[in-house]
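Examining the three-dimensional arrangement
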Amino acid sequence: MREHSIAAIGADGIGPEVIGAGVRVLEALQQRLGDVRFNVTSFDWGSGYYRKHGVMMPADGLQQLKPFDAIYFGAVGAADIPDHITLWGLRLPICQGFDQYANVRPTRILPGIATPLRDVGPGDLDWVIVRENSEGEYAGNGGRTHRGMPEEVATEVAVFTRVGVERIMRYAFALAQARPRKLLTVVTKSNAQRFGLVLWDEIAELVSRDFPDVTWDKMLVDAMTVRMTLDPKSLDTIVATNLHADILSDLAGALAGSLGVAPTANIDPQRRYPSMFEPIHGSAFDITGKGIANPIAAFWTAVQMLEHLGEADGAGRLMRAIEIVCASGVMTPDVGGKANTQEVTDAVIAAIHGSNV
Ligand code: IPM
Ligand code: MG
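Residues numbered from 1 in each chain as written. Chains lettered and ligands numbered in written order. Predicted model: local features only at pLDDT ≥ 70, side-chain atom pairs only at ≥ 80, totals over all residues. Heavy atoms only, no water.

1. A short note on the domain arrangement of the protein chain
According to the domain assignment, the protein chain contains domain 1 (1-101 + 267-357) and domain 2 (126-255). The interface of domain 1 with domain 2 comprises 8 residues on the first partner and 8 residues on the second. A buried area of about 770 Å², summed over both sides, lies between domain 1 and domain 2, and 53% of it is on carbon and sulfur atoms. Inspection of the domain 1/domain 2 interface yields 1 salt bridge. Between Asp 99 and Arg 167 there is a salt bridge; the shortest N-O distance is 3.0 Å. On the surface where domain 1 and domain 2 come into contact, there are 3 residue pairs in polar contact (both at pLDDT 80 or more). (Domains from an automatic or database assignment. Contact = heavy atoms within 4.5 Å. Buried area = accessible area lost by both parts, 1.4 Å probe. Salt bridge = Lys/Arg side-chain N within 4 Å of Asp/Glu carboxyl O. Polar contact = N/O pair within 3.5 Å; in protein donor to acceptor, adjacent residues only side chain to side chain.)

So this is what it looks like as structure tokens:
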């Protein structure tokens, strides 16, 4: 019996609803596969915890999480607490404290989900965006002086280190190499940002020599938005800085039909720490408690979690179950369906037990 320990942190808004649905799906997979066990422990951290204790998680939160094999995360954000408190109080300390430097965002048009692009269907858009997740524009390096005065100054300094750029570049080349098309696009803005992003270009060139079978090219981020929209088939694996990839991944989600189905994985490729898997969509308090949150992103990120845990068979089955259910039209209202969270979850569980996954 293979065993994996998973820390489930639903946190805020619809987070607990979709993570709860995801845990049910993991239980179904466990039953179906028979030789694997997911030992899930739930944590009540987040904005509710903050209202009671004044912090988003206990001071020893990271120590509590460290022994787990993976973290399954919902969302942070609440209407009555500033975003920088919720974000820097829970999600970012986990990403940074566990050095989850590779943020991996697959995008595909799932069957049954409509893209806003003309003449593009499932199969025409199949990307993985690799986002540098530890430095760059999110390094938190800057400050403000002379607040409120006419001479006020604010700096927001992006930080690019050789170690940081090289490790994400190697990750992206290796991922591209593992995918059938072996195609990588390195995104920068090295025409205008002539220090850090010229370093990106140089390191890409250097790392590419170790991956002779990967075809790669470079794009400036502005031109990249045009190519993603007008020529999606020409792209496969994409690597970009923290901020550039943040923006491109929203565009990717929209082009694939909905951010509501988009997953993300925050990975420590060296496996010194647990990696964290979450839907991209956020807490969505406008629909919290209504039971209509789309659980597909939480299921898809569970696929990424299973892959990371070495459960390729389970990952494949779950992805096929997701595709069968989307194709059958059992979907939540955000993607044009009439089903609620529980009905989509029940349908995915039924598909997992079905004969064609
Ligand atoms: C994302 C989100 C976050 C980010 C926000 C919530 C800070 O947009 O995961 O893409 O920019 O990293
Ligand atoms: Mg974003």
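2. Description of the sheet that holds strand E4 (residues 102-108)
Reading across from one edge, E2-E1-E3-E12-E11-E4-E5-E10-E8-E9 is the order of the 10 strands in this open sheet, with mixed pairing throughout. Every interior strand has two partners, whereas the edge strands, strand E2 (36-43) and strand E9 (215-220), have only one. The average angle at which neighbouring strand axes cross in this sheet is 20 degrees, direction not considered. Pairing between strand E8 (residues 183-188) and E9: 6 bridges, direction parallel. Paired with Thr 188 across the bridge in E9 is Leu 220. Docked against the sheet, helix H6 (residues 196-208) engages strand E5 (126-132), E8, E9 and strand E10 (237-240), running at close to 160 degrees with respect to E8. Sheet strands in contact with helix H8 (residues 242-255) are E4, E5, E8 and E10, and its direction is about 155 degrees off that of E5. (Pairing = 2+ DSSP bridges. Helix = DSSP H or I, 4+ residues; strand = E, 2+ residues; numbered from the N terminus. Axes fitted to C-alpha atoms, helices over the stretch in contact; angles between N-to-C directions.)

3. Structural notes on the site of ligand 1
Lining the immediate environment of ligand 1, one finds Leu 87, Arg 91, Arg 105, Arg 131, Tyr 138 and Asp 246. Within the side chain of Tyr 138, a nitrogen or oxygen atom sits 2.6 Å from an oxygen atom of ligand 1. Here an oxygen atom of ligand 1 and a side-chain polar atom of Asp 246 are 2.9 Å apart. At a threshold of 2 Å from the grid points, most atoms of ligand 1 map onto the largest pocket. Here the shell around ligand 1 is built from residues that sort into 2 nonpolar, no polar and 4 charged. (Near = heavy atom within 4 Å. 1 Å grid on protein atoms, 1.4 Å probe; cavity = no way out; pocket = protein on both sides within 12 Å on 5 of 7 lines; lining within 4 Å. Sits in = over half its atoms within 2 Å of the grid points. Nonpolar A, V, L, I, M, F, W, Y, C, P; charged D, E, K, R; others polar.)

4. A closer look at the nonpolar core
Judged by nonpolar contacts, the single largest core of 72 residues is most densely connected at Leu 110, Met 169, Trp 200, Val 239, Leu 318, Ile 322 and Val 348. Top element by residues in this core is helix H1 (residues 15-33). It accounts for 9 residues. Mapped onto the domain boundaries, this core takes at least three residues apiece from domain 1 (1-101 + 267-357) and domain 2 (126-255). Counting residues in each nonpolar core, the second largest holds 19 residues, with Trp 127, Val 187, Met 228 and Ala 252 among its members. (Core = buried A, V, L, I, M, F, W, Y, C linked by side-chain atoms within 4.5 Å. Buried < 20%, exposed > 50% of the residue type's maximum accessible area, 1.4 Å probe, protein only.)

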